[in-house]
Amino acid sequence: MKRFRKRAFLVALWLFVSALAGQLAVRHLLSARTVLSPDAVIGLSFGAEALAFLLVGFLVSFLARGFAWRELGAAAVALAVVAFLVLQRMKPPSFSYHRFFADTRELLVWAGLTGLGAWLLGLWGASFGVLLGASSSPDLRFAFEAGIARTHLRLNRRTVALLVALGLVPPGLLFAAGVWTRAWDQVARGRAGLLGPPNLIAAVRTDALALAVSVAALIAALVLIGRWIQARAQLAQLAPGQRRKRPATLVMTAISIAGVAVGVWALTVVLSVMSGFEADLKKKILGTNAHALLLKYSSDFSEWKAVLPKVLSVPGVAGASPFILNEVILSQGQTPTGAELKGIDPATAGSVNELPRQVIAGELSWVIDPRNIPLTAAQPHASAKLLGDDQYLQDTYERKQTHPDELAKGVSPEALREMPGICIGKEMSHSLRAWVGDVVQVITPLGDMGPTGPIPRSRSFRVACILYSGMYEYDSKFAYIGIPEAQKFFRMGDNVTGLELKFRDVDAARAEGRRVVAALGGFPYRVKDWAELNRNLFSALKLEKLAMAIILTFIVLVACFNILSTLIMLVLEKTKEISILKSMGARDSSVMKIFVLEGLAIGAIGTAMGLLLGLASCSFIERFGLQLDPDVYYISNLPVNVDGGQFLMVAAIAVALSYLATLYPATKASRLSPVDGLREE
């Protein structure tokens, strides 16, 4: 056993503690001096700490002239004790709902995880040092070892061409299937009268590049099939003794590449689909709501007309509009429903949200000009045909035409024209059985005090328009009236609840909101951005995506075990060659480089194939449009969002796991004695 090096231990301990202190300092500085989200702050601080632990292991490997697992382990245990004492003094928040601060058991868990992570990352970093010759003298050359690794894997020109063909043809076929499916879908829509006359040639010409790629993929697939049939025919003509046997390691290598490719493929597709759901949800939320709300700590916001020009003059603000929000009850006949009644300014509402473009029947401007609301049933807009539930709209319109007395029973036409207008969502229209021109009652509990207590106040409104946002919660709960009518109904005078804001960069809403508050002088103004208003929803989505990513990463991990077994078999097969190399003067690091490069080559080829398959699958899903039940998911097709950052992250994880899988067999091969390898020869 190698002796314990105290100097390496002390250096590792000092650097580990410095990395922990740096992580806490970076986290504090980012939280205090930047506008990054808490998730971004945690990710950046822990990422910097992980890189520091890797660097510590790399440096200590040169001091200890090896992996230094004893020195790093002892330093990690000491770091866990230091982390426990620091956390106990800081009193971090607890994850349990019934206490404010973490107890001793939670602190022990966090301290233990810190020490374990430092040890594992330190060993990972030390492996880089050993690979570069930390046990003797540094050696950064890889050309000789790469040539031997290429020979072991049989990566000649023919094999490389075959790998390129196998990596490109299956994704190309998936892409071609999506292109032709989309073309046929456009023809079907044309026959249904949704996109003009059906024309397959015109549909294909709109995407000439995609068509060219599809045709090339089909031709390449036919060529590969033809070559395979030809090779099988030639093989069948040979006698059994003339056929070459394939080495077991070659078959294991192909299985390992396929395993990594399948794991990366599954991980990229699932993450893209979940990102698509998140992006679709974000789009629908920001289509109905603004990017941020400017509020006051008090209920007096009568100076909003003077504040509005100041807000619009702030750089980065694209629009602002006043609003009033209160909870009410809507009813028509004997059908009541709870709702959020929102007072808006139709002239400026379109600058902060998509309400004017969500109207499927009536007009949004009729809420402030109710005399334009027709006394007969208003026909749905042409855009309503694109909805999955447009049959309900058509049936309701025909019913209102057949029974026009249902629009307003016992109310004179002149009284109808004087009633203020209100806009409701499609689902609320469905539950109330109300159409454009119908009269609905709005009841608020904020009424007058009577001899027996509070008396609710009610008022009649006429439906001015029906909206479809794509979000069930909004279409079933929100109703809109004009700002003057809301102020009169809630007896607010000139007050409003706040201002809705739209920024040019939606992802910088928090920073832009702070800039707006600073321009107004700070207190009593405050801003709530869209992420803060929907924190629970997006936090649940992120947690679900993280859980799915961790689960699917195990597929890649299983494939990496195939790499491990393949390299172990290769080490056993090449024992004689390893002994000859070491007897000729090859160092341990050189032998280790050979097998590390072989494992990385397997992982890199599988990762590249998986990424191409993932891109093609996402393109197929996007073009094919996998159908979903709109009544359940409130979307008609499976959404996909291809994020380059996520693909790079998946590739990095796959290559990193492939590298870890090479360490054990590479280390065993490097420690092989020349005498042991040549003894039986």
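Residues numbered from 1 in each chain as written. Predicted model: local features only at pLDDT ≥ 70, side-chain atom pairs only at ≥ 80, totals over all residues. Heavy atoms only, no water.

Peer 1: Please clarify how the packing of aromatic side chains should be interpreted in this entry.
Peer 2: To describe a pair of aromatic rings, one takes the distance between the centres and the angle between the planes. For the structure on display, the rule yields 9 aromatic pairs. Residues Phe461 and Phe489 carry aromatic rings whose centres are separated by 6.1 Å and whose planes lie at 90° to one another, so their mutual orientation is edge-to-face. Placement of the pair is Phe461 in strand E7 (residues 453–467) and Phe489 in helix H16 (residues 483–490), with a sequence separation of 28 residues. Taking the relative accessible area as the measure of exposure, Phe461 reaches 0% and is therefore buried. We classify Phe489 as buried; its relative accessible area is 3%. These aromatic residues form a ring-pair network of at least three members: Phe461, Phe489 and Phe490. Note that Arg457 overlies the ring of Phe489, its terminal NZ or CZ placed 5.9 Å from the centroid. Positioned above the aromatic ring of Phe461, the side-chain terminus of Arg459 is 5.8 Å from the ring centre. (Phe/Tyr/Trp six-rings, centres within 6.5 Å; stacked < 30°, edge-to-face > 60°. Helix = DSSP H or I, 4+ residues; strand = E, 2+ residues; numbered from the N terminus. Buried < 20%, exposed > 50% of the residue type's maximum accessible area, 1.4 Å probe, protein only. Lys NZ or Arg CZ within 6 Å of the ring centre and 35° of its normal.)

Peer 1: Explanation requested: unusual backbone geometry in the structure shown.
Peer 2: With the exception of glycine, the majority of residues adopt a negative phi angle, and the majority of peptide bonds are in the trans configuration. Note that the residue after Phe523, namely Pro524, is joined by a cis bond; omega there is 10°. Residue placement: Pro524 occurs in the loop between helix H17 (509–519) and strand E10 (525–529). In this model, Arg433 sits at a positive phi of 55°, which is unusual for a non-glycine residue. Tracing the backbone through its elements, the reader meets Arg433 in the loop between helix H14 (426–432) and strand E6 (439–450). Residue classification places Arg433 among the partly exposed residues on the basis of a relative accessible area of 48%.

Peer 1: I tried to follow empty space enclosed by the protein on my own but got confused; where do I start?
Peer 2: Space left empty within the atom packing is revealed by a probe, the size of a water molecule, rolled over the atoms. By the definition in use, this model includes 2 cavities of 30 Å³ or more. Here the largest cavity is characterised by a volume of approximately 50 Å³. Lining the largest cavity we find His152, Leu153, Arg154, Thr249, Leu250, Thr253, Thr566 and Leu570. For the lining of the largest cavity, the secondary structure elements donating two or more residues are helix H9 (248–288) and helix H19 (535–573). Partitioning the lining of the largest cavity into residue classes produces 3 nonpolar, 4 polar and 1 charged. Thr288, Leu355, Gln358, Ile424, Gly425, Leu467, Ser469, Tyr474, Asp475, Phe478 and Tyr480 are the residues that line the second largest cavity. (1 Å grid on protein atoms, 1.4 Å probe; cavity = no way out; pocket = protein on both sides within 12 Å on 5 of 7 lines; lining within 4 Å. Points joined across faces, edges and corners; volume = space filled by probe spheres on them. Nonpolar A, V, L, I, M, F, W, Y, C, P; charged D, E, K, R; others polar.)

Peer 1: I keep staring at a nonpolar patch on the surface and nothing clicks. Help me out?
Peer 2: Taken together, the side chains of Phe95, Val109, Trp110, Leu113, Leu116 and Leu120 present a nonpolar region at the surface, about 630 Å² in accessible area. For Trp110, the position within the fold is in helix H4 (residues 104–131). (Patch = residues over 30% accessible without salt bridge, like charges linked within 9 Å, V, L, I, M, F, W, Y side chains within 5 Å. Areas by Shrake-Rupley, 256 points an atom, 1.4 Å probe, with all protein chains shown as cover. Salt bridge = Lys/Arg side-chain N within 4 Å of Asp/Glu carboxyl O.)

Peer 1: Just checking my understanding: could you explain the pairing of strand E9 (residues 498–503) for this structure?
Peer 2: One face of the sheet, then the other: side chains in a regular strand alternate in exactly this way. Burial analysis of E9 places 5 of its 6 residues in the buried class, which makes it a mostly covered element. For strand E2 (residues 317–332) and E9, the ladder comprises 6 bridges, and the chain directions are antiparallel. Each bridged residue has a counterpart across the sheet, and for Ser321 the counterpart in E9 is Glu500. (Pairing = 2+ DSSP bridges.)

Peer 1: Just checking my understanding: could you explain the packing of helix H1 (residues 6–33) against helix H3 (residues 69–90) for this structure?
Peer 2: Any two packed helices are characterised by how steeply their axes cross, that is the angle between the axes, and by the distance between the axes. At a minimum axis distance of 9 Å, the contact between H1 and H3 shows a crossing angle of 35°. Our pair here, H1 against H3, has a crossing hand that is right-handed. In contact with Ala8, Phe9, Ala12, Leu13, Phe16, Val17, Leu20 and Leu24 of H1, H3 contributes Glu71, Leu72, Ala74, Ala75, Ala76, Ala78, Leu79, Val82, Ala83, Val86 and Met90. Grouping the constituent residues of the contact of H1 with H3 by class yields 18 nonpolar, no polar and 1 charged. (Axes fitted to C-alpha atoms, helices over the stretch in contact; angles between N-to-C directions. Left-handed = near helix turned anticlockwise from the far one by under 90°. Contact = heavy atoms within 4.5 Å.)

Any functional reading would require information beyond the geometric quantities listed.
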